[in-house]
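Examination of the molecular architecture
Each chain is listed here by its residues.
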Amino acid sequence: MRPTNVGDPEYFHKVVDCQWACPAHTPVPEYIRLIAQGRYADAYMVNWVSNVFPGVLGRTCDRPCEPACRRSRVEEENTAKPEPVAICRLKRVAADHKGDGIRAMMPKPLPRNGKRVACVGAGPSSLTVARDLASQGYAVTVFDGEAKAGGFIRSQIPRFRLPESVIDEECDHILDLGVEFRSGQRIESMKALMAEGWDAVFVGCGAPRGRDLDVPGRQEAAADIHIGIDWLASVSFGHVTSVKKRVIVLGGGNTAMDCCRSARRLGADDVKVIVRSGFDEMKASPWEKEDAQHEGIPIINCHVPKACLLEDGKLVGMSFQVVTPVYDDKGRRTLVPTGETDVVFECDEVLVAIGQENAFPWIESDCGIAFDKWGLPKLDAKSLQSTVPNVFFGGDAAFGPKNIITAVAHGHEAAVSIDRLLHGEAVSQRPPPHVNLVSQKMGIHEWSYDNDISNDMRNKVPWAKAEMALASIRVEVELGFDAATAFKEAERCLNCDVQTVFNDRLCIECDACVDICPMDCITFTANGEEDDLRGRLKAPATHTDQALYVSHALKTLRVMVKDEDVCLHCGLCAERCPTGAWDMQKFLLLTTKAGPSCRDSKPTAARVETTA
């Protein structure tokens, strides 16, 4: 194998598993260390730069970072249920404890540059574009049909999960940068908008149409059957304040979980979630399913809706066909009837949460924007540019329903594209991120970070008492960590961004690092092809998605090979090394944002600073 190029921004980025998995590439270990130090406002700002909505995401994020967390992997053999660091809930700690001085830390926008940008929709992707561009001097106008900004954050997420005050605060941080918000103005014509002479247009209007149910009796029972996302919006804006006593929720995603828990709080005695797939195949996040079950809501899987049942014109139940999933040799699923008798569940009301679709009735077919056979705009996947060069899409409007953090990531990328376009530069090019590697050595055996590897289990987030939480749809269920618990949870972080950096010129091949490594992840051996080398290590490296760290040839012609997958970043190798061949260096990746750093006037090669 060739020696590892640690100057490649992607190499150590991929080792920081949580940051690599986050669509917005939030520097997770960096803000967790700040929380452990009690520097909550600084931790909030680290988040705000990357993910824009720390308080919102600290309560509602889909947490792609947590399944990637190294803590789970290194605990697999030692713990009955290995669990990642509570990254998402620590983000909320930064938001909850940041104090009143945060507004003074917000950037001051640059003077206006004469360019005008329109954002359609006031959801997370549009607001991210607005935040990134307004701070760089663009005149950004956000259009939305509702009275307040937030989009689906405000209309689809129940208040018992996300208080409105949090949405207001974090939307205001963006609008206060000089963004013009035209509330109550729904765009009805793309051609009319384009005719207004905007320098660029960003479409972040979400996927606003819920899929409907097509079974016998659906139309006859229409008064008691509601589309889930529309119903949630009606609840959010106070148009719906009660439900009937027996409610069935159809669907297995997070919207279905929000529907069933909302119905429980609005007065339903009997709430059931019924889903076509198996329980483990449901699209809902595992914790969302757990929360629903914790509140006494059963989830009935492998049941396909067959008909709505009516008596005297009133909905009284639904019938279901029992199925079982069968997979072919390519892993494709087919739902096959088991032959059992159809099952009937009594109900008075049904909430349909079986998916969402994009809907662009306001974009005329002759305006130049092309769509594919699924009704999605044809976009460049990286730049998010449509077939009209100055029109960009992001969030659910781009590639269909995803989540908030993906919408934020789209917003950042679209803002870079718009900034480059309006400076006459190719939108398809992306300058690499800025990277720092800085030694953490403070003395012979002292480091500037805490490298004590604890065996503490994940801390539980306290909940409001059930009788209070279920009595009102506006009582927040999760209470968040207090400062003491947040510190304990932060200490579980393995500091994956503090890298073990090896200097082969200083190595005397004493193998002291091999002896002390608690994970047996360091080996000195003859070089070879990767498959061969992985099998010859002290502990075979089987996770091929994570790279091996390979040095140049040493004096004995052996190479040092480290398995990055299981390294604890504990620093024992660096403490033990008598020559300082190992160093612990903090890796900081600063992703490219709109502004001078994203343009060709700056160096295009990544700048790596290393302090030995």
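Note that this is a predicted model, so its numbers are computed, not measured.

1. Topic: the pattern of salt bridges
In the structure shown here, the tally under the stated rule is 52 salt bridges. Here Lys-382 makes a salt bridge to Glu-413, at a shortest N to O gap of 3.8 Å. Placement of the pair is Lys-382 in the loop between strand E15 (356-357) and strand E16 (391-393) and Glu-413 in helix H18 (residues 404-421), with a sequence separation of 31 residues. Judged by its relative accessible area of 45%, Lys-382 is partly exposed. Overall, the relative accessible area of 23% leaves Glu-413 in the partly exposed class. Put simply, Asp-17, Arg-70, Arg-73 and Asp-565 are held in one network by salt bridges that share partners.

2. Some remarks on the sheet that holds strand E19 (residues 522-525)
Taken together, 3 strands build an open sheet; the order of strands is E19-E21-E20 and the sheet is antiparallel. In the strand order of this sheet, the two ends are held by E19 and strand E20 (548-550), each with one partner. The sheet shows a mean angle of 25 degrees between the axes of neighbouring strands, direction not considered. Pairing geometry for E19 and strand E21 (residues 559-563), over 4 bridges, is antiparallel. Bridge pairing in E21 links Thr-525 to Val-559.

3. Topic: helix H20 (residues 483-490)
Listing the buried residues of H20 in full gives Thr-485, Ala-486, Glu-489 and Ala-490. Taken end-on, H20 shows its buried residues confined to a sector of 135 degrees, consistent with a single buried face. In this structure, the buried residues of H20 make contact with helix H3 (28-36) and helix H8 (87-96).

4. What about H8?
Buried residues dominate H8, accounting for 9 of its 10 residues. The complete set of buried residues in H8 reads Ile-87, Cys-88, Arg-89, Leu-90, Lys-91, Arg-92, Val-93, Ala-94 and Ala-95. Its buried side turned inward, H8 meets helix H2 (17-21), H3, helix H4 (40-51), helix H5 (54-60), helix H6 (65-68) and H20.

5. Describing empty space enclosed by the protein
This model, assessed by the stated rule, comprises 6 cavities of 30 Å³ or more. Size it by volume and the largest cavity reaches roughly 130 Å³. Around the largest cavity sit 16 residues that line it, and Arg-59, Arg-89, Arg-161, Asp-291 and Glu-478 are the ones nearest its centre. Of all the secondary structure elements, the ones that give two or more residues to the lining of the largest cavity are H5, H8 and helix H16 (286-294). With 3 residues, H16 is the largest single contributor of residues to the lining of the largest cavity.

6. Describing the packing of H3 against H8
How two helices sit against one another is set out by the angle between their axes and by the gap between those axes. As a packed pair, H3 and H8 sit with axes 10 Å apart at the nearest point and diverge in direction by 50 degrees. In terms of orientation, H3 and H8 fall into the oblique class. The crossing of H3 and H8 is left-handed. On H8, the residues touching Val-28, Tyr-31, Ile-32 and Ile-35 of H3 are Ile-87, Leu-90, Lys-91, Val-93 and Ala-94. For the contact of H3 with H8, the class distribution of residues is 8 nonpolar, no polar and 1 charged.

7. Some remarks on the nonpolar core
Judged by nonpolar contacts, the single largest core of 102 residues is most densely connected at Val-140 and Ile-522. Counting residues in hydrophobic clusters, the runner-up holds 28 residues, among them Phe-160, Val-249, Ala-469 and Val-477.

8. Section: the sheet that holds E16
Spatial ordering of the open sheet is given by E3-E2-E1-E4-E16, a layout of 5 strands whose pairing is parallel. Bordering the open sheet on either side are strand E3 (180-183) and E16, each of which pairs with just one other strand. When the angles between neighbouring strand axes are averaged without regard to direction, this sheet yields 20 degrees. Relative to E3, strand E2 (residues 139-144) is paired through 4 bridges, and the arrangement is parallel. When the bridges of E3 are listed, Val-142 appears paired with Phe-181.

9. A look at the packing of aromatic side chains
Taken as a whole and assessed by the stated rule, the structure comprises 10 aromatic pairs. Seen in terms of ring centroids, Phe-360 and Phe-371 are 5.4 Å apart; in terms of plane orientation they differ by 40 degrees. Their pairing is tilted. Here Phe-360 is found in the loop between E15 and E16, whereas its partner Phe-371 is found in the loop between E15 and E16, with 11 residues between them in sequence. Overall, Phe-371 belongs to the partly exposed group, its relative accessible area being 26%. Ring centres of Phe-502 and Trp-582 lie 4.8 Å apart, and the angle between their planes is 55 degrees; this geometry places the pair in the tilted category. One end of the pair, Phe-502, is in strand E18 (residues 498-502); the other, Trp-582, is in strand E22 (residues 582-590), with 80 residues separating them in the sequence. We classify Phe-502 as buried; its relative accessible area is 9%. Owing to a relative accessible area of 2%, Trp-582 belongs among the buried residues under this scheme. Ring pairs connect the aromatic residues Tyr-11, Phe-12, Tyr-549 and Phe-587, which therefore count as one cluster. One Lys or Arg, Arg-131, reaches over the ring of Trp-48 and ends 4.3 Å from the middle of that ring. Sitting above the plane of the Phe-279 ring, Lys-289 keeps its charged end 4.2 Å from the centroid.

10. So, the confidence of the model for the protein
Taken as a whole, the protein shows an average pLDDT of 93; of its residues, 97% reach a score of 70 or greater. Below a pLDDT of 50 lies the segment residues 602-612, which in the model reaches 27 contacts outside its immediate sequence neighbourhood of four places, other chains included.

11. With respect to the side chain of Glu-425
Within the secondary structure, Glu-425 is located in the loop between H18 and strand E17 (434-439). Residue class for Glu-425 comes out buried when judged on its relative accessible area of 18%. Among the polar contacts made by the side chain of Glu-425, one reaches the main-chain amide nitrogen of Asp-600 at a distance of 2.9 Å.

12. What to know about the side chain of Lys-91
Relative to the helices and strands, Lys-91 resides in helix H8. Although Lys-91 lies buried, it forms no salt bridge, and the closest oppositely charged side chain, Glu-66, sits 8.1 Å away as judged by the N-O distance. A distance of 3.3 Å separates a polar atom in the side chain of Lys-91 from a polar atom in the side chain of Asn-47.

13. Side note on the environment of Phe-371
When the C-alpha atoms of Phe-371 and Thr-387 are compared, they prove to be 9.1 Å apart, with 16 residues separating the residues in sequence. Apart from the residues lying within four places of it in its own chain, the contact partners of Phe-371 are Phe-360, Ile-363, Leu-376, Pro-377 and Lys-378.

Calculation rules
Residues numbered from 1 in each chain as written. Predicted model: local features only at pLDDT ≥ 70, side-chain atom pairs only at ≥ 80, totals over all residues. Heavy atoms only, no water. Salt bridge = Lys/Arg side-chain N within 4 Å of Asp/Glu carboxyl O. Helix = DSSP H or I, 4+ residues; strand = E, 2+ residues; numbered from the N terminus. Buried < 20%, exposed > 50% of the residue type's maximum accessible area, 1.4 Å probe, protein only. Pairing = 2+ DSSP bridges. Axes fitted to C-alpha atoms, helices over the stretch in contact; angles between N-to-C directions. Arc of directions from axis to C-beta. Contact = heavy atoms within 4.5 Å. 1 Å grid on protein atoms, 1.4 Å probe; cavity = no way out; pocket = protein on both sides within 12 Å on 5 of 7 lines; lining within 4 Å. Points joined across faces, edges and corners; volume = space filled by probe spheres on them. Parallel < 35°, antiparallel > 145°, perpendicular 65-115°, else oblique. Left-handed = near helix turned anticlockwise from the far one by under 90°. Nonpolar A, V, L, I, M, F, W, Y, C, P; charged D, E, K, R; others polar. Core = buried A, V, L, I, M, F, W, Y, C linked by side-chain atoms within 4.5 Å. Phe/Tyr/Trp six-rings, centres within 6.5 Å; stacked < 30°, edge-to-face > 60°. Lys NZ or Arg CZ within 6 Å of the ring centre and 35° of its normal. pLDDT = per-residue confidence, 0-100. Polar contact = N/O pair within 3.5 Å; in protein donor to acceptor, adjacent residues only side chain to side chain. Lys, Arg positive; Asp, Glu negative; His and termini not counted.

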